[in-house]
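Architecture at a glance
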Amino acid sequence: MSYTVPITVLTAVVAAYLLLSNFGKSSKGSRYPPGPKPRLISGNAYDIPTEKPWLGFANWSEKFGSGLIYFTIFRTKFMVINDHKVAFDLLDKRSTLYSDRPKSVMLDMVGWNFNMILFNYGERWKEHRRVMHRNLNNRAVREWRQLQTDVTNKFLKKLVLNPNDWLYRLEHMAGSGIMKFTYGYELKEKDEYMTKVTKAVDALTTCQGIGFVVDQIPILRYLPEWFPGTQFHQFLKEYRPYCEAILEGPFKFTKDNWVAGRAANSYVTRLLEEYGGSKISAEKEQVVKDSSAVLYAAGTDSTYSILSSYFLACTLHPEVLQKARDEVDRVVGTDRLPNYGDRESLPYVEALVKELYRWNPAAPLGPSHQILVDDEYEGYHIPAGTIIYPNIWAMTHNEEMYPDPLSFKPERFLGVDEATAKKMDPKNFIFGFGRRVCVGQYFADQQIWLAIACLVVTFDVRKSKDEHGQEITPVPNYPNFVGKPDPFPCEVTLRDSNAAKLIDQLTVEN
Ligand code: HEM
């Protein structure tokens, strides 16, 4: 069903609200960053690129000659940051000012209010962030290497059975690692939890995307269901159960097992114990439950977005797969699969992973930040409350840093001095900025590297052929806010009998 509000009702309500709320107060001569000229009431609502907005926003930088673009939608102020230096100057160096998130009444009402990604910058967010960081920081994730190796081994074994199912297998592997880490829960085939998260995430993207009028005028939440323009009630009824289910279900599973003394070591059991075991307070238990429920949704799609780009890159650039394979064969040999201890000895595989991060970043238009107080930057006034989108895609396609940015070239990261390599590393941008930088980045990077290093030496990926025997060259298309490519044809097969043997010898728990 459509949840858009009848346009006449919406326009009348919004216009009245804007007029009554002193729309367009003078900024007393302040100079905002450049951007498209706003209309009187709607601001730039009709100028916003609707498809792949990161591309349109990047073009605005050329048009207006600035890495920082300012615009409004009705009375809400926005900025897009297309330039990495501006992103570091503001979101990193001034991160105490720029680490808030915009509030959404709808997201709270639909049940996403446990999700720290959406929390305001304050004590509750800090506590959630602290507990996540303790278990997911650069050093802590080393402890989960065996878990990620098991998940990768299982993935390879399943892929042998049905190589054409590679997309689902990637999703299942990414999700399995996070569920085992978070809850000690073994994700089943087509586990209903996966569907529930998909629905809950649909709710999240819908709320952030179409912008329900109740977010502009929160008091409308009290209108009865029969009132025109209140389809949001229907939306809430449809989606709230999914958000509740992903919060409650797996936590109950782990807690019950923990109470019975048979829970596997996990993020949840560690926190329950840290917080006093059976004497844990209700408040602390809520922190454990809420913070754990975020991880699968935050980490699965983004991880397998990068992994699915690997299959696309191999289909389009067989020479890249060959070079990576030659390197692993030479360094590791053909008697075993690569492991984490090999990472530093495999510079081409490292460059391949970096290029995947850069080519199609998993979050092309990073989640928005919000500034808490007025600020000045290079002569521009940035008003308190401005919602800021880091355009990660624009940063990883900066022509100066990455010449010919649309091409897939792992070589761009090789043969450069240490300082340049550090500056160019796409991990500087693709995981976001400042205090809100991705808390799962090391876990994700560890999983992605191992999966790719193993895939390189075990499976061929090549173009499919049509009914006339002609190769089909897929055209990359990444339409969504989490950058998974549109489905594309390719042929995935086991490399050879040695690869079959190596995979067969791998051990998996069950
Ligand atoms: C390739 C994989 C991933 C990418 C590209 C990615 C990217 C991002 C980005 C861009 C942000 C927003 C940062 C900002 O606001 O500036 C973010 C936040 C976050 N990510 Fe990731 N992420 C990935 C994997 C993961 C994984 C595996 C987990 C959990 C296990 C995770 C958990 C989170 C959380 C909890 C936040 C919210 C941080 C906060 O608001 O304080 N992410 N991620």
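Just above, that's the structure.
Just so it is clear, the structure is predicted and the values come from calculations on it, not from any experiment.

What counts as what
- Residues numbered from 1 in each chain as written.
- Predicted model: local features only at pLDDT ≥ 70, side-chain atom pairs only at ≥ 80, totals over all residues.
- Heavy atoms only, no water.
- Near = heavy atom within 4 Å.
- Polar contact = N/O pair within 3.5 Å; in protein donor to acceptor, adjacent residues only side chain to side chain.
- Helix = DSSP H or I, 4+ residues; strand = E, 2+ residues; numbered from the N terminus.
- Nonpolar A, V, L, I, M, F, W, Y, C, P; charged D, E, K, R; others polar.
- Donors = N, O, S within 2.8 Å, 3.2 Å for Na, K, Ca; no water.
- Phe/Tyr/Trp six-rings, centres within 6.5 Å; stacked < 30°, edge-to-face > 60°.
- Buried < 20%, exposed > 50% of the residue type's maximum accessible area, 1.4 Å probe, protein only.
- Lys NZ or Arg CZ within 6 Å of the ring centre and 35° of its normal.
- Salt bridge = Lys/Arg side-chain N within 4 Å of Asp/Glu carboxyl O.

**Remarks on the site of the ligand**
Residues in close proximity to the ligand total 27 residues, the closest being Arg101, Trp125, Arg129, His369 and Cys438. Between the ligand and the protein, one listed contact pairs an oxygen atom with a side-chain N or O atom of Arg436 at 2.9 Å. Put simply, the parts of the chain that give the shell around the ligand at least two residues each are α5 (123-136), α12 (282-316) and α18 (441-458). For the shell around the ligand, a count of residues per class yields 18 nonpolar, six polar and three charged.

**Quick notes on the coordination of the iron atom of the ligand**
No protein donor other than Cys438 (SG) coordinates the iron atom of the ligand, and that contact is at 2.3 Å. As for its position among the elements, Cys438 is in the loop between α17 (427-430) and α18.

**Some thoughts on the packing of aromatic side chains**
Two measures describe an aromatic ring pair: the distance that separates the ring centres and the angle between the ring planes. The full count for this structure, using the stated rule, is 26 aromatic pairs. Centroid distance Phe78 to Tyr389: 6.4 Å. Interplanar angle 15 degrees. Geometry classified as stacked. Taken together, the residues span a long stretch of sequence, with Phe78 in strand β2 (residues 76-81) and Tyr389 in strand β6 (residues 387-390) at a distance of 311 residues. With a relative accessible area of 11%, Phe78 lands in the buried category. Sitting over the ring of Tyr168, Lys190 keeps its end group 3.9 Å from the ring centre.

**Description of the pattern of salt bridges**
Applying the stated criterion to the full structure yields 33 salt bridges. Among the salt bridges present, the one from Asp89 reaches Lys93, with a minimum N-O distance of 3.2 Å. The class of Asp89 is buried, set by a relative accessible area of 10%. Residue classification places Lys93 among the exposed positions, given a relative accessible area of 65%. Note that Glu491 is salt-bridged to Arg462, the shortest N-O span being 3.4 Å. Residue Glu491 is found in strand β8 (residues 491-494), and its partner Arg462 is found in strand β7 (residues 459-462); the two are separated by 29 residues along the sequence. One connected set of salt bridges, linked through shared partners, spans Arg325, Asp460, Arg462 and Glu491.

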